[in-house]
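Listed here are the chains, written in short residue letters.
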Amino acid sequence: AIEQVHCIGHSLGGQVCGYMGWHTGGTLGRLTGLDPAGPMFDKEEPEIRIDKTDALFVDNIYTNVNDTMITLGLGKPVGHADFYPNGGGRQPGCLYPGCDHDIGVDYYHASIDTDCLFLSYPCNSHEDISDGLCTECDEDTTCQHQGYYSNTMPGNGTFYLATLEDYP
């Protein structure tokens, strides 16, 4: 059944997943954007980019959106759950151009085949994460798991987490 379909796409592939969801009237089960492409999609209407109306659950991992040199990811929260590891900018261990943009694939892979659940904390803004205000969950805020298991958690919104340089 179409509600069991899970489309996962990196960069332009994330936007293709959104387009697929739009063409199916938002009836797909899940779409995951791994640093979905930003250039040429950042100002467009939801019909031509990944958006939470494209599936029953849409999650995105943004890893190259706050870089001072080059930004390849969409960056703005457009899913049910949007994750910004390390604030969405420079990622630990990335030493070559494009690594930040690509590492979301590694994060997602690690969320499947390790015990790492990538616990992520709700946050309202990049300023709040910089001020250390996004580091806990309580009865008023729901944490989330970045990656494969994010659809098993009730939290929706924008989430932040810190990762390490070493796998996972």
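Below or above, wherever it landed, is the structure these notes cover. (Residues numbered from 1 in each chain as written. Predicted model: local features only at pLDDT ≥ 70, side-chain atom pairs only at ≥ 80, totals over all residues. Heavy atoms only, no water.)

### Description of the pairing of strand 3 (residues 55–61)
For a regular strand, side chains alternate in direction, first toward one face of the sheet and then toward the other.
Piece 1. Most of strand 3 sits out of view: six of its seven residues are buried.
Piece 2. In this structure, strand 2 (residues 28–34) lies alongside strand 3, joined through six bridges in parallel fashion. Bridging from a neighbouring strand, Leu34 pairs with Ile61 of strand 3.
Piece 3. Summarising the sheet, strand 3 and strand 4 (residues 81–85) pair through three bridges and their orientation is parallel. Counted as the bridge partner of Ile61 is Phe83 from strand 4. (Buried < 20%, exposed > 50% of the residue type's maximum accessible area, 1.4 Å probe, protein only. Helix = DSSP H or I, 4+ residues; strand = E, 2+ residues; numbered from the N terminus. Pairing = 2+ DSSP bridges.)

### Quick notes on helix 1 (residues 12–23)
Piece 1. Counted at 1.5 Å a residue, the expected span for helix 1 with its twelve residues is 16 Å, and the 17 Å between its end C-alpha atoms agrees.
Piece 2. Residues Gly14, Gln15, Cys17, Gly18 and Gly21 constitute the buried set of helix 1. The buried residues of helix 1 occupy one face: seen down the axis, they fall within an arc of 155°. For helix 1, the exposed residues set more than 90 degrees away from the buried face come down to Val16 and His23.
Piece 3. Those residues of helix 1 that are buried are in contact with strand 1 (6–10) and strand 2.
Piece 4. Phi turns positive one or two residues past the end of helix 1, at Gly25, with a value near 70°. (Expected span 1.5 Å × (residues − 1). Arc of directions from axis to C-beta. Contact = heavy atoms within 4.5 Å.)

### Thoughts on the pattern of salt bridges
Piece 1. Evaluated as defined, the whole model comprises three salt bridges.
Piece 2. A salt bridge links Asp59 to Arg30; the nearest nitrogen and oxygen atoms lie 3.0 Å apart. Of the two residues, Asp59 sits in strand 3 while Arg30 sits in strand 2, which places them 29 residues apart along the sequence.
Piece 3. Of the residues examined, Asp59 reaches a relative accessible area of 0% and is grouped as buried.
Piece 4. Close ionic contact of Asp51 with Arg49 constitutes a salt bridge, the shortest N to O distance being 3.4 Å. Comparing Asp51 with Arg49 shows no difference in burial state: the two are buried. (Salt bridge = Lys/Arg side-chain N within 4 Å of Asp/Glu carboxyl O.)

Everything listed is a geometric property; what it means functionally is a separate question.
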